[in-house]
Amino acid sequence: MTTTPPPSVTPRPRFRRFASSRPLRIIVLVLLVAIVLLVLLWDWNWFKGPVERIVEARTGRTLVIGGDLDVDLGRTTTVRADALRFANADWSESQTMASVERLEIQVEVFPLLFKREVRLPEIRLVKPILRLETNPEGGTGNWDIAFGDGGDGPPPQIRRLWVEDGRLRYLDVPGKTDIDVRLASRESRGGEAAAPAIGIEGGGSWTNNRFTLEGVAESPLALQDTDKPYRIDLRARAGATRAHVRGSLVAPFQLRDFDLQFALSGRNLADLFPLVGVALPDTPPYALDGRLTRDATTWHYDGFTGKVGQSDLGGSAAITLGRERPFLKADLVSKRLDFDDLAGFLGGTPDAEGDALDPELVERERALAAKGRVLPDTPYDLAKLRSMDADVRLRAQRINAPKLPIDDMDAHLKLDAGLLQLEPLNFGIAGGNIRSSIRLDARQDTIQTRLQASVRRISLGGLFPPDTLAGDAVGHIGGDFNLVGTGNSVAAMLGSANGDVAVGMGAGRVSNLLVELAGIDVYEALKYLIGQDKQIPVRCAFADFGVQRGVMESRAFAFDTTDTIILGEGTISLRDEQLDLLLRPRPKDRSILALRTPLTIGGTFAAPSFRPDLARLGLRGAIALSLGSIAPPAALLATLELGGGEDSGCGGPYAR
């Protein structure tokens, strides 16, 4: 059997020639070694100049690489550069906008060579410093850079940014704002694959007011995706004022297109004026939380809830900037309003009820008490009243005022270039109401004030606690107040006031014991103290005062029941806070112990006194002569409900 030998494999000619060419093999080997040596020994600093020129051509700003430039080649190549400095805008006082001690950039080679895609797995910054500032002469900030032609390719894809011991400074000279914070990356829960968040800590000044700042923000890489919100969680503190903002925004430096939850708390809402330019009254400690958004030049604070002192407060507010004066528009609602919390609107001191009240307000109240005064004498700040415009509505569904029977309140405040109007300022009181309007004109150096108020159908018994003798009284009170004054505080306004004050009550009933005590009829008073009290009809009661230069002088003053008539006269000084009233009780029944002694109401608003005028004990004038005319003034007749019956005639047979 013949065996056929296997065919021989003949090498291809090109490979055979290369394999048989020893000199060529040596040359290729030498070239490979040379390339390796070149890579290992090459001074990459040669590329510093070209890189610097490219950046300057693209940005118009100078880039200086002051340290070494090095490259580690591989599928993922790492580029390192030390001591980099990027120039600032030519209008800035600082020559450097950004600097970094070391910059490391990882680049994927294959996508760059074959797909023309720039993929950067990581950028690492060691001790970077970034200075952002606005142009003092207006216009844009130094971050607005006109980049030159860089091709039409897609932007770099950066997966991870790591910042080590960084610093960011934001400077706005016209706005008196200088923020300086430290930045450091924090590993996210997702580990290496997730973009690390940035921890923030520092502070500075905002509108020339010192503050501190701390919190965390999403990686700056998230700002590349303008369709995805950039999340932050920051806390700031300026004195006793604290703010906590958390949520998302798209363009941080333009402060637009954001949706944030904003919590604000502090010792006094008036402290916000230097921070945000909105003039608010003095208040007790507060805490609010709501949704903060921005629409063009208007900042909205919607759906907020919280407390101011002992009062709950909710609603919405908006501040519009870019006008001659900021404009505040607000719609506020309180389900339970503590009346003491409104004292700051009048220049008084709110009652903190255990909270840490502003020490300045505490000292102000002590000074007022030391003077023995009640009316607030703290001047309104004219600059604040002229610094903004406002349209604010406040409705209180229920009012807590232990010393006053106030049920609810509806107030509408308008402020325009120093002209403040409260119209209406209405209160529900004891089943009736007080409807008023107040006009304060602060456009001149001395405020001119006008008060007009009408009192209608206030229940006499409702003015007192139900478990007291006066709480069983029946009758409705009405009246009118018309005052005009000048001065920059409540005390000054009332102390210079001119006008009229008139209140009265028509037919009703009151405890006979109170009447007998007022007349100091000892026998009758003891009888009702020992036995059962009863009520007697009231024909009318009225007080009519003319007001001149802060002094109220009685023109007609009487209280008429079927049992007793009390006549009054005297003055009430709003200027000096002094009382000087004389009441002349005239019991209509016969009692051997009826003293019929005039009663004097004197003292001050802070310490009034009520005592019998014993010097006139026993003096008995003719009843008709002493009573004179007790018919109510014509101006009060429209407010009085005299009712029908034989006792409806106010003053009875004594009226003229």
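Residues numbered from 1 in each chain as written. Predicted model: local features only at pLDDT ≥ 70, side-chain atom pairs only at ≥ 80, totals over all residues. Heavy atoms only, no water.

Right, let's get into the pattern of salt bridges. Two side chains carrying opposite charge are able to pair once their charged atoms lie near each other. The tally for this structure, following the rule as stated, stands at 30 salt bridges. In this structure, Glu104 engages Arg80 in a salt bridge whose closest nitrogen and oxygen atoms are separated by 3.5 Å. One end of the pair, Glu104, is in strand β4 (residues 96-108); the other, Arg80, is in strand β3 (residues 76-87), and 24 residues separate them in sequence. A relative accessible area of 22% places Arg80 in the partly exposed class. (Salt bridge = Lys/Arg side-chain N within 4 Å of Asp/Glu carboxyl O. Helix = DSSP H or I, 4+ residues; strand = E, 2+ residues; numbered from the N terminus. Buried < 20%, exposed > 50% of the residue type's maximum accessible area, 1.4 Å probe, protein only.)

Moving on: helix α6 (residues 359-370). Spanning twelve residues, α6 covers 16 Å between terminal C-alpha atoms, matching the ideal 16 Å at 1.5 Å per step. All of the buried residues in α6 are Leu361, Arg364 and Leu368. Buried residues of α6 fall within an arc of 60 degrees about the axis and therefore sit on the same side. Pointing more than 90 degrees away from the buried face of α6 are the exposed residues Arg366, Ala369 and Ala370. Downstream of α6 by a residue or two, Gly372 has a phi angle that is positive, lying close to 70 degrees. (Expected span 1.5 Å × (residues − 1). Arc of directions from axis to C-beta.)

With that settled, consider the packing of aromatic side chains. Aromatic ring pairs: the centre-centre distance and the angle between the two ring planes describe each pair. Per the stated rule, a full pass over the model turns up eight aromatic pairs. Ring centres of Phe110 and Phe114 lie 6.1 Å apart, and the angle between their planes is 55 degrees; on these two criteria the pair is classed as tilted. On the criterion of helical spacing, the pair formed by Phe110 and Phe114 is a turn pair, its members being four residues apart in helix α4 (residues 109-114). You can call Phe110 partly exposed: its relative accessible area is 42%. Of the residues examined, Phe114 reaches a relative accessible area of 67% and is grouped as exposed. Among the aromatic residues, those joined into a ring-pair cluster are Trp44, Trp46 and Phe47. (Phe/Tyr/Trp six-rings, centres within 6.5 Å; stacked < 30°, edge-to-face > 60°.)

Time to look at the side chain of Thr134. When you line up the elements, Thr134 lands in the loop between β6 (123-133) and β7 (157-158). Judged by its relative accessible area of 17%, Thr134 is buried. Among the polar contacts made by the side chain of Thr134, one reaches the side chain of Asp172 at a distance of 2.9 Å. (Polar contact = N/O pair within 3.5 Å; in protein donor to acceptor, adjacent residues only side chain to side chain.)

Let us look at a nonpolar patch on the surface. Taken together, the side chains of Trp46, Phe47 and Val51 make up a nonpolar region of the molecular surface, amounting to roughly 290 Å² of accessible area. Note on placement: Trp46 falls in the loop between α2 (22-41) and α3 (48-59). (Patch = residues over 30% accessible without salt bridge, like charges linked within 9 Å, V, L, I, M, F, W, Y side chains within 5 Å. Areas by Shrake-Rupley, 256 points an atom, 1.4 Å probe, with all protein chains shown as cover.)

To continue, consider the side chain of Ser205. Turning to its location among the elements, Ser205 is positioned in strand β11 (residues 197-206). Residue classification places Ser205 among the buried residues on the basis of a relative accessible area of 10%.

Okay, the confidence of the model for the protein next. This prediction gives the protein a mean pLDDT of 80; 75% of its residues lie at or above 70. Across the protein, β6 holds the top mean pLDDT of 95, while helix α11 (residues 623-627) sits lowest at 42. Segment residues 618-628 is flagged for pLDDT under 50; beyond a separation of four residues in sequence, or across chains, it makes eleven contacts in the model. (pLDDT = per-residue confidence, 0-100. Contact = heavy atoms within 4.5 Å.)

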